[in-house]
Amino acid sequence: MTFTKSRTGARLALLLLCAANFLDAMDVSTIGVALPAIQIELGMQATSLQWAVSAYVLGYGGFLLLGGRVADVFGHRRVFLWSLAVFAAASIAGGFVDSGPTLIAARLIKGIAAAFTAPAALALLLSVFGEGSARAKALGIFSSTGAAGFVLGMVLGGAATIFSWRATLVMGAPVAILTLAIAPFVLPADERRGADRPRFDWAGALTITPGLLLFVFGITNAAADGWSAFPTWGALTAAAALILIFLAVEARHADPMVPLAMFGRARLSHANAVAALFQGVYVGFQFIATLYYQNELGWSAFGTGFCFALGGVFVMFLAPRFAAIAQNRGTTGLMAVGVALQAASYIFWVAAVGDINPVLLVVLSQVPLGLGYALTYPSVQVAALADVEEDKSGLASGMLFAAFQIGGGIVLAAASAVFGAAPSFGFDPYVAGVAFTALLAVAVVLLAALGPRTSPLRAAAAYQAAE
């Protein structure tokens, strides 16, 4: 049995790719609400506990560019299957950890596996679906599952923790194993390139991968220990040096891991910048709001995670529709409107917190926030991949996912710094932290609105091609 381009086969392929995308995104946030239970059973110090969360982000963000390029060179399906198998194995192993270091190691391996799975999955989607509305709908569904996985991760983690915190680590394994069993019969086989396969850029890989790892480590550590700590600025300094070396290597390499011309693509660069900042603002808000709901209101882990479920529902059902609109009518306006709705949500939260019923605060802030996320997330993906050739789709996907992860880390560190410093200046830390994210969101609205416009002729051609 082999893959065919039938409608049923394409739908099944989309289902499998979305399942993997959901798992990758879900694991970013699902363990957060289980941290108190983990600390009690494993006896982890508070300073090391945060790495149960951050280790996944470290592996995910640090290896994304490598994962995208490896998929382009060695085959999208091959890399997808191998990395998903590692993800499943690490998920199962996570259920048997007996110490802090083994837990962090399992999370790191899962993050690295996700860094190879995610760009390969998106590249496979682009090869399964042709141009036009079919691709737009598929991309919208793919985007919605990723966004919903991230947003609903806390809800699922809270529910799993009722049984055991170990369930938050293992629960993705059955889905991954089932996907692995079906995928070889459904996903398109990799093309045999033979002598035409580009040489792998080992020099680039050995500079950018540790460079990104150190960069993600530095900004993650800043959230815990501050910017003046040696591990923070030492890691960031070393990262800057490695990234500069990487750029010098890529400028001279015959088959560079990341052709520098990729950074000159206006739509891709603009989409990456918007992705980094809008995702970072959301992560910063989620962090501070979660602390408020638990520490000030005394809500449980499950109740706190459930606060974000409404936004996840908006994303799940509306993102596919907005992706089709973005494909046919352009992405810049949708991005701007989406981020503007998010900014309005943060501003409302700052103005209303403490003055209205907390449940009403959650509902009224989550409606524009979820709608804005559903508008922005698929629009960013459509824009990033609009002008990218198939043999570079894995790399472009890796660049986009890296922007999401790195942007989230940078803004989270900054929001944490504002949160920690606010009492010294006489401000409420929760109000100050969310006010910071609101101001940054307003700036992102301007950035999104100034993006490159889609030609009406191009949009019409894409639409007619789908008819």
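Everything numeric in this text was worked out from a predicted model, so none of it was measured.

## A word on the overall build of the protein
- Each helix and strand counted, the protein has 19 helices and zero strands in total.
- By the compact-globule yardstick of 23 Å for 467 residues, the protein fits well, its C-alpha radius of gyration being 21 Å.
- Along the three orthogonal principal directions, the C-alpha set of the protein runs to about 65 × 50 × 45 Å.
- Counting all 467 residues of the protein, 55% fall into the buried class.
- Here the contacts in the protein between residues at least 6 apart in sequence split such that 84% fall between residues at least 24 apart.
- Considering the protein, the positive charge centre built from 23 side chains and the negative charge centre built from 21 side chains are found 9 Å apart.

## Quick notes on the confidence of the model for the protein
- Averaged over every residue, the pLDDT of the protein is 83; the share at 70 or more is 92%.
- Note that pLDDT drops below 50 for residues 455–467; the model gives that stretch nine contacts with residues more than four away or on any other chain.

## Focus: helix α16 (residues 358–385)
- Compared with an ideal rise of 1.5 Å per residue, which puts 28 residues at 40 Å, α16 spans 40 Å between its outermost C-alpha atoms and is within 8% of the ideal.
- By the criterion of burial, α16 is predominantly enclosed, with 21 of the 28 residues buried.

## Remarks on the nonpolar core
- One finds Tyr 60, Phe 80, Leu 125, Tyr 346, Trp 349 and Val 380 to be the most contacted residues of the largest nonpolar core, which totals 122 residues.
- Among the elements that take part in this core, helix α12 (residues 266–296) stands out by supplying 14 residues, more than any other.
- With sequence-adjacent residues up to four places away left out, Tyr 60 is seen in contact with Asp 24, Val 28, Gly 111, Ile 112, Ala 114, Ala 115, Ala 118, Phe 401 and Gln 405.
- Judged by nonpolar contacts, the second largest core, of 13 residues, contains Leu 35, Ile 38, Ala 52 and Leu 169.

## Concerning the packing of aromatic side chains
- One pass over the full model with this rule turns up 15 aromatic pairs.
- Ring geometry for Tyr 56 against Tyr 60: centres 5.8 Å apart, planes inclined by 75°, an arrangement best described as edge-to-face. Residue Tyr 56 and its partner Tyr 60 are both found in helix α4 (residues 51–74); the two are separated by four residues, about one turn of the helix. Residue Tyr 56 shares its accessibility class with Tyr 60, and that shared class is buried.
- Seen in terms of ring centroids, Tyr 292 and Trp 349 are 5.4 Å apart; in terms of plane orientation they differ by 80°. Their pairing is edge-to-face. Pair noted here: Tyr 292 is in helix α12 and Trp 349 is in helix α15 (residues 332–352), with a separation of 57 residues, a long-range link. Like Trp 349, Tyr 292 is buried.
- Among the aromatic residues, those joined into a cluster by ring pairs are Phe 285, Tyr 292, Tyr 293, Trp 299, Tyr 346, Trp 349, Phe 419 and Tyr 430.
- The ring of Phe 87 is capped by Lys 110, whose NZ or CZ atom sits 5.1 Å from the centre of that ring.

## Looking at the side chain of Thr 168
- Mapped onto the secondary structure, Thr 168 falls in helix α8 (residues 167–170).
- A residue is classified by how much of its surface remains accessible, and Thr 168, at 1% relative accessible area, is buried.
- A distance of 2.5 Å separates a polar side-chain atom of Thr 168 from the backbone oxygen of Trp 165.
- Setting aside residues up to four positions removed in sequence, Thr 168 forms contacts with Thr 30, Ile 31, Ala 34, Gly 157, Ala 160 and Thr 161.

## What about the environment of Ala 275?
- As for its position among the elements, Ala 275 is in helix α12.
- For Ala 275, a relative accessible area of 0% translates into the label buried.
- Between the C-alpha atom of Ala 275 and that of Ala 402, which follows or precedes it by 127 residues, the distance is 9.5 Å.
- Excluding its chain neighbours within four sequence positions, the residues that come into contact with Ala 275 are Gly 280, Val 380, Leu 400, Ala 403 and Phe 404.

## Topic: the environment of Ala 88
- For Ala 88, the location among the structural elements is in helix α5 (residues 76–94).
- Residue classification places Ala 88 among the buried positions, given a relative accessible area of 4%.
- It is 8.2 Å that separates the C-alpha atoms of Ala 88 and Lys 110, two residues lying 22 residues apart in sequence.
- What Ala 88 contacts, discounting residues up to four positions off in sequence, is Ala 173, Ala 176 and Ile 177.

## Some details on the pattern of salt bridges
- In total, this model carries four salt bridges according to the counting rule given.
- With a shortest N-O distance of 2.9 Å, Glu 41 and Arg 166 are connected by a salt bridge. Of this pair, Glu 41 sits in helix α2 (residues 35–42) while Arg 166 sits in the loop between α7 (133–161) and α8, and the two are 125 residues apart along the sequence.
- One salt-bridge network, held together by shared partners, links Asp 27, Arg 107 and Lys 110.

## Here we look at a nonpolar patch on the surface
- A surface patch of nonpolar side chains, amounting to about 440 Å² of accessible area, comprises Leu 310, Val 359, Leu 360, Val 363, Leu 364 and Val 367.
- Within the secondary structure, Leu 360 is located in helix α16.
- Take Leu 360: its relative accessible area is 42%, and that puts it in the partly exposed class.

## As for helix α18 (residues 429–449)
- End to end, α18 covers 31 Å across 21 residues, agreeing with the expected 30 Å (1.5 Å per residue, within 8%).
- Taken together, the buried positions of α18 are occupied by Pro 429, Tyr 430, Ala 432, Gly 433, Val 434, Thr 437, Ala 438, Ala 441, Val 444, Val 445 and Ala 448.
- Where the residues of α18 are buried, they touch α12, α15 and α17 (393–421).

## Examining the packing of helix α1 (residues 7–29) against helix α6 (residues 100–128)
- Packing of α1 against α6 leaves a shortest axis separation of 9 Å and a crossing angle of 150°. With respect to α6, the element α1 is oriented roughly antiparallel. The hand of the α1/α6 crossing is left-handed. Across from Ala 10, Ala 13, Leu 14, Leu 17, Ala 20, Asp 24, Asp 27 and Val 28 in α1, the residues of α6 making contact are Arg 107, Lys 110, Ala 114, Thr 117, Ala 118, Ala 121, Leu 124, Leu 125 and Val 128.
- Of the residues belonging to the contact of α1 with α6, the class tally is twelve nonpolar, one polar and four charged.

The rules we used
- Residues numbered from 1 in each chain as written.
- Predicted model: local features only at pLDDT ≥ 70, side-chain atom pairs only at ≥ 80, totals over all residues.
- Heavy atoms only, no water.
- Helix = DSSP H or I, 4+ residues; strand = E, 2+ residues; numbered from the N terminus.
- Rg over C-alpha atoms; globule rule 2.2 N^0.38 Å.
- Buried < 20%, exposed > 50% of the residue type's maximum accessible area, 1.4 Å probe, protein only.
- Contact = heavy atoms within 4.5 Å.
- Lys, Arg positive; Asp, Glu negative; His and termini not counted.
- Charge placed at Lys NZ, Arg CZ, Asp CG, Glu CD.
- pLDDT = per-residue confidence, 0-100.
- Expected span 1.5 Å × (residues − 1).
- Core = buried A, V, L, I, M, F, W, Y, C linked by side-chain atoms within 4.5 Å.
- Phe/Tyr/Trp six-rings, centres within 6.5 Å; stacked < 30°, edge-to-face > 60°.
- Lys NZ or Arg CZ within 6 Å of the ring centre and 35° of its normal.
- Polar contact = N/O pair within 3.5 Å; in protein donor to acceptor, adjacent residues only side chain to side chain.
- Salt bridge = Lys/Arg side-chain N within 4 Å of Asp/Glu carboxyl O.
- Patch = residues over 30% accessible without salt bridge, like charges linked within 9 Å, V, L, I, M, F, W, Y side chains within 5 Å.
- Areas by Shrake-Rupley, 256 points an atom, 1.4 Å probe, with all protein chains shown as cover.
- Axes fitted to C-alpha atoms, helices over the stretch in contact; angles between N-to-C directions.
- Parallel < 35°, antiparallel > 145°, perpendicular 65-115°, else oblique.
- Left-handed = near helix turned anticlockwise from the far one by under 90°.
- Nonpolar A, V, L, I, M, F, W, Y, C, P; charged D, E, K, R; others polar.

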